[in-house]
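Here are the chains, one letter per residue:
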Amino acid sequence: MEKALVLTEGRYLTTDGKTAHGLVRYSGRYKIAGLIDSTLAGRDAGEVLDGIKRGIPIYATLEEALRENPDARWLIIGVATPGGVLPSSYKRIVAKAIKAGLGVVNGLHHFLSDDPYLKRLARQSGVEIIDVRKIFYNLRIPFTGKIEDVKATKVAVLGTDAAIGKRTTAILLHEAFRNLGLKSEFIAMGQTGWMQGFKYCIVMDSIINDFVAGAIEDVFYRAWVEERPDVIVTHGEGSLLHPAFPGGFELIGAARPDFIVLQHAPGRVVFDDFPQYRIPPLENYIRVIELLSGKPPVAITINTQNLTKEEALEWADRIESETGILTRVPFYQGVEDIARLIASKAMELGEVRVSEPAGAEVL
């Protein structure tokens, strides 16, 4: 894998930094050599994010990062901003990176390859600007109903808010199924998943609305036909009840998941980026999911933002007691119990057979 630096200046420890968060935790396309964020310089990106050292240093400047990583080949825009606009202060850093011979990977709605200045610089330096959303912008696939031919157990992680860790929990579930001896495939629904290198991926919010359902169906169908997995795991974008980023309905309708896991952040009171809107009660989401899919979530997972370990575990116990739904804190408890529950229920329905290697461990 080619080395990449990730630009998060001033935003790594905000929900805008979720692209960088995903790449720090998992990257199969680029080797992440460091982050650029002067507000956290000198620290380890993994330790800052979740207390786990990952050997990814944070640099104060691009120049410092390049001095220690002269073989870096890419600069990745590591933020997902409201509206998908490049922060004004970032353009100067992007221009410097291009002049230094780095290609640019950008997941924003703001296409950098359309910027005349950056386009000219890239041509002069002989490097590429990859706008990930552009790759999927002209996708025109109608929904056909072939999702019914997909016989794998389909699992979707949806959330009570945007930027709540749905993709991370889905990846953990994918790995947990594999550790149970099942053949699992992961389908990414956003630009970060493409950057992480997952084989099956669409960028849902770059596709014209009329073709979103068809794109979802098609990527599930391709994963099924080409891999014949026991389980397919995916994640929603946005949130079912978020006023600005509504999402999840497309997955329920087009992918027709057999099981839904609901990610919840008890430490949040208001919606991401819109503090004037309070997050509705958890039971509202449970009812919505049951009405739309025909059954309640199979499990609930807890995002630990603004919570101590003790508080997060207490919330999990309380929610499980009140709802009767298996509830876990992935960061502290893993998701193996959830994977086992889903596998057991799928086996009862005759969908999969489960082998459990002795000593199997989950991330």
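Fair warning: this is a prediction, and the values are worked out from it, not measured in the lab. Residue numbers restart at each chain and count upward from 1, following the sequence in its written direction. Whole-chain, interface and lining totals are the exception, using all residues; otherwise, since this is a predicted model, local features are given only for residues with pLDDT of at least 70 and side-chain atom pairs are given and counted only at 80 or more. Only heavy atoms go into the side-chain values, all of them from the structure, while hydrogens and water stay out.

1. Regarding the environment of aspartate 205
Only DSSP runs of H or I reaching four residues or more are called helices, and only runs of E reaching two or more are called strands; each is numbered from the N terminus. Structurally, aspartate 205 can be placed in the loop between strand E9 (200-201) and helix H9 (212-227). Considered as a pair, aspartate 205 and phenylalanine 249 are 44 residues apart in the sequence and their alpha carbons are 13 Å apart. Every residue pair with non-hydrogen atoms within 4.5 Å of one another is taken to be in contact. Sequence-distant contacts of aspartate 205, that is, excluding residues within four places in its chain, are made with His109, Arg133 and Glu237. A distance of 2.8 Å separates polar atoms of two side chains, one belonging to aspartate 205 and the other to arginine 133. Polar contact criterion, stated in full: a pair of N or O atoms within 3.5 Å, where within protein one must be able to donate a hydrogen and the other to accept it, and residues adjacent in sequence count only if both atoms are side-chain atoms.

2. With respect to the sheet that holds strand E8 (residues 184-188)
Neighbouring strands of a sheet are bound in pairs by backbone hydrogen bonds; such pairs are parallel or else antiparallel. Judged by pairing direction, the sheet is parallel, and its seven strands sit side by side in the order E9-E8-E10-E7-E11-E14-E15 without closing on themselves. Bordering the open sheet on either side are E9 and strand E15 (326-328), each of which pairs with just one other strand. Relative to the sheet, helix H11 (residues 282-293) contacts strand E7 (153-159), strand E11 (259-264) and strand E14 (299-302), its axis offset from that of E11 by approximately 160 degrees. Here the rule is simple: two strands pair whenever DSSP picks up at least two bridges between them. Only the stretch in contact is used when a helix axis is fitted, and all axes are lines through C-alpha atoms; the angle between N-to-C directions ranges over 0 to 180 degrees.

3. Observations concerning the packing of aromatic side chains
Each aromatic pair joins two rings of Phe, Tyr and Trp (for Trp, the six-membered one) with centres within 6.5 Å, and gets the label stacked for planes under 30 degrees apart, edge-to-face for over 60, and tilted for any other angle. Applying the stated rule across the entire model yields seven aromatic pairs. Taking 6.1 Å as the distance between ring centres and 90 degrees as the angle between the ring planes, the aromatic pair formed by phenylalanine 111 and tyrosine 137 counts as edge-to-face. Of this pair, phenylalanine 111 sits in the loop between strand E5 (103-106) and helix H5 (116-125) while tyrosine 137 sits in helix H6 (residues 132-137), placing them 26 residues apart in sequence. When its relative accessible area of 17% is taken as the criterion, phenylalanine 111 is described as buried. Only protein chains enter the accessibility calculation, which uses a 1.4 Å probe; a residue whose area is less than 20% of its type maximum is buried, one above 50% is exposed, and one in between is partly exposed. Judged by relative accessible area, which is 45%, tyrosine 137 ranks as partly exposed. Joined through ring pairs, the aromatic side chains of Tyr26, Phe186 and Phe198 make up one cluster. One cation-aromatic arrangement involves arginine 29 over tryptophan 194; the distance from NZ or CZ to the ring centre is 3.9 Å. Any Lys NZ or Arg CZ that is within 6 Å of a ring centre and within 35 degrees of that ring's normal is treated as a charge sitting over the ring. One residue, lysine 295, lies across the ring of phenylalanine 259, its end atom 5.2 Å from the ring centre.

Shape is all these values report; function is a separate question.
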